[in-house]
Amino acid sequence: MAQTKKSASKEVVSKALPLNKILQGDCIEAMNALPEKSVDVIFADPPYNMQLKDTLSRPDNSKVNGVDDAWDKFASFRAYDEFTYGWLEAARRILKDTGTIWVIGSYHNIFRVGTALQNLEYWMLNDVIWRKSNPMPNFRGTRFTNAHETLIWAAKSADKGGYTFNYNAMKAMNDDSQMRSDWTLPICSGKERIKNGDKKAHATQKPESLLYRVLMASTNPGDVVLDPFFGTGTTGAVAKRLGRNFIGIERETDYIKVAEKRIAEIKPITDAETLAFTESKRSAPRVAFGSVVERGLVEPGTVLYDSKKRYAAKVRTDGTLIAQSVKGSIHQVGAGVQGAPACNGWTFWHVENKGDLLPIDIFRQQIRAELH
């Protein structure tokens, strides 16, 4: 009954949200109008406050289209900080207790944003370096080429656990190596870059590959992802493709038109098997060895061995093992026969089948598949 109430409550909240829509207006006002604790993840690409003073030219004297839009200009650092605290406070209110926030920025603003996050008691999980494989060169030769941006990933607070991190999926995407916090990805260019004639539709359009990795890491299908600075809709496009719900907030009518057209052309992945990904072991259903025994997958009295047949133990009717003077769970007996402090009995113990030794973990996976 408790599970039914929880599911019903979640459904009511979802129905109250403007899912898969773009809200036009001020991001703080729009977020304050949403239900409290209703959003799973926020991805924010706020104004960088780049403080550009002079026109930038290439060596051939052609103009570089930098970020000179009105929305990126603030009267002072104090004004920018007030704006930052305002939208981060609104974001914290609508985040679920298990929710997380991503904020991307450059050296112009990310340190100020980081300070605000910590002052508002968000809990830092990672700072991720997006290393651009094809950055714009420094045409004046007066400083190092700006070849990266920083993403801050934070939980709602230090005591709010249970957030989503699809560790195994990230590892699988990285050729079975633990994914690091430095990501090498290209900037948005070529066919992906949306233009109005010869001009970029948005000065700071982010590549879909970046959002793909963010959403794969920290969301699950059906989750609600909010982007308070929606721009031309990269977050919405990737969310739709990956079976997530999005809420976009944007002030500029021109950007909204581009985003709506772009997202309408996206074909979502609807096949459940394709949409699935490598789950974390922590999220998999817990299976006791006793379940394997009671289902008859391993009979009482069966002798189990380690992979080299150095140790042997007999299965008892309650799913415990006995080996010489050692009795207990598959883990306790595995540790006991080795004189080790701990042991993963699922991978240590094997059952003999037609001359081959099979790890008993295959029976656990079989039961998990049935439960799933």
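Under an unreviewed UniProt entry, the chain has the name Methyltransferase and belongs to Kordiimonas pumila. As its UniProt record puts it under Sequence similarities (unreviewed entry), the chain is described as follows: "Belongs to the N(4)/N(6)-methyltransferase family."

A.B. asks: Help me out: how do you make sense of the overall build of the chain in this one?
C.D. replies: In terms of helices and strands, the chain carries 13 helices and 16 strands. Across the 372 residues in the chain, those meeting the buried criterion constitute 43%. Expressed as a percentage of contacts within the chain between residues at least 6 apart in sequence, the contacts between residues at least 24 apart total 69%. Carbon and sulfur atoms provide 49% of the accessible area of the chain, an area that totals close to 20500 Å².

A.B. asks: Looking at this structure, I do not really get the packing of helix α3 (residues 77–94) against helix α4 (residues 110–119). What am I missing?
C.D. replies: Two measures define how a pair of helices packs: the angle their axes make with one another and the distance between the axes. At a closest axis distance of 10 Å, the pairing of α3 and α4 adopts a crossing angle of 45°. By the angle between their axes, α3 is oblique relative to α4. As α3 packs across α4, the resulting crossing turns out to be right-handed. Facing α3, whose interface residues are F77, Y80, D81, T84, Y85 and L88, α4 presents R112, V113, T115, A116, L117 and N119. Grouping the constituent residues of the contact of α3 with α4 by class yields seven nonpolar, three polar and two charged.

A.B. asks: Explain the environment of P18 here, please?
C.D. replies: Considering the arrangement of structural elements, one finds P18 in the loop between α1 (2–16) and β1 (21–24). On the basis of relative accessibility, which here comes to 18%, the residue P18 falls in the buried class. In this structure, the C-alpha to C-alpha distance between P18 and G248, residues 230 residues apart in sequence, is 9.2 Å. Ignoring sequence-local partners within four residues, the contact set of P18 consists of L23, L34, F246 and I247.

A.B. asks: What is the right way to read the side chain of T320 from this model?
C.D. replies: With respect to the helices and strands, the residue T320 is situated in the loop between β12 (312–315) and β13 (321–323). One polar contact links T320 to D318, side chain to side chain, over a distance of 2.6 Å. Every residue in contact with T320, bar those within four places of it in the chain, is listed here: K314, V315 and G328.

Reading the values: rules and limits
Residues numbered from 1 in each chain as written. Predicted model: local features only at pLDDT ≥ 70, side-chain atom pairs only at ≥ 80, totals over all residues. Heavy atoms only, no water. UniProt positions renumbered as here; feature names shortened; annotations may be inferred. Helix = DSSP H or I, 4+ residues; strand = E, 2+ residues; numbered from the N terminus. Buried < 20%, exposed > 50% of the residue type's maximum accessible area, 1.4 Å probe, protein only. Contact = heavy atoms within 4.5 Å. Areas by Shrake-Rupley, 256 points an atom, 1.4 Å probe, with all protein chains shown as cover. Axes fitted to C-alpha atoms, helices over the stretch in contact; angles between N-to-C directions. Parallel < 35°, antiparallel > 145°, perpendicular 65-115°, else oblique. Left-handed = near helix turned anticlockwise from the far one by under 90°. Nonpolar A, V, L, I, M, F, W, Y, C, P; charged D, E, K, R; others polar. Polar contact = N/O pair within 3.5 Å; in protein donor to acceptor, adjacent residues only side chain to side chain.

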